[in-house]
Amino acid sequence: RALRERLQAAALQAENRGVRSLCAKAGSTCAALLVATRLVWGQRSLSDADAAVLASLARRKQLERLTYLGLRQNRISDGGVCALAAALRGGSMRRLKVLDLSGNRVGAEGRRALGNALEAPGALPSLISLSLNNAAGERRLTLEEAKVLAQQSAHAQRHKRLLSAKGLVPQ
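These figures come from a predicted structure and were not determined experimentally.

Student: Give a detailed account of the nonpolar core, specifying residues and quantitative values.
Tutor: Judged by nonpolar contacts, the single largest core of 42 residues is most densely connected at Trp-41, Leu-71, Leu-99, Leu-101 and Leu-114. Secondary structure elements with two or more residues in this core: α2 (17-26), α3 (30-35), α4 (48-59), α5 (78-89) and α6 (108-119).

Student: Provide a residue-level description of α5, including the pertinent values.
Tutor: Look at α5: 16 Å from first C-alpha to last across 12 residues, which is about the 16 Å you get at 1.5 Å a residue. For α5, the set of buried residues is Asp-78, Gly-80, Val-81, Ala-83, Leu-84, Ala-85, Ala-87 and Leu-88. Turning to α5, the residues buried within the fold contact α4, β3 (98-100) and α6. In the segment just after α5, Gly-91 is the residue with positive phi, at about 80°.

Student: Which residues make up the sheet that holds strand β4 (residues 129-131), and what values do they have?
Tutor: The four strands are arranged β1-β2-β3-β4 in an open sheet whose pairing can be described as parallel. Of all strands in the sheet, those bounded by a partner on one side alone are β1 (38-40) and β4. On average, each strand axis in the sheet is inclined to that of its neighbour by 5°, with strand direction left out of account. Bridge count for β1 against strand β2 (residues 68-70) is three bridges, and the pairing is parallel. Counterpart to Val-40 in the pairing with β2 is Gly-70.

So, how was this worked out
Residues numbered from 1 in each chain as written. Predicted model: local features only at pLDDT ≥ 70, side-chain atom pairs only at ≥ 80, totals over all residues. Heavy atoms only, no water. Core = buried A, V, L, I, M, F, W, Y, C linked by side-chain atoms within 4.5 Å. Buried < 20%, exposed > 50% of the residue type's maximum accessible area, 1.4 Å probe, protein only. Helix = DSSP H or I, 4+ residues; strand = E, 2+ residues; numbered from the N terminus. Expected span 1.5 Å × (residues − 1). Contact = heavy atoms within 4.5 Å. Pairing = 2+ DSSP bridges. Axes fitted to C-alpha atoms, helices over the stretch in contact; angles between N-to-C directions.

Laid out in structure tokens, this is it:
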């Protein structure tokens, strides 16, 4: 098992410069990333591109051990959050209990994507905490509130498309 993990880490380092860059920014090694159950990578100036690298690793089941993903106070916006949400929706991080994206620039699109991931059957069965507060003083968004936000946002988008189709709202 240890040999397999070392070989996976070596392949990971060789194949993806983005992963190496992400690990360097986070002050971690690629080998440690593969066996981690907790990533506490707050205030590391991680970007949407870095979040997309994490999403790619998750889709390849290389982050399936994670129970805690702390990405607070980075530079992640809707693009990075949508990439992470797509990976989460696919069920690639089923053990994840805590996702902390507070202090990032998560807008309506990112919140909607996360809400949709929460609603996907079996995608996040262990999740108990999701933090999305963007600025000081905002409170934590509960899982139920995230789901409601996703539903409201989807309803608003359908309504806007309907009005647009009738020529009532410019596209």
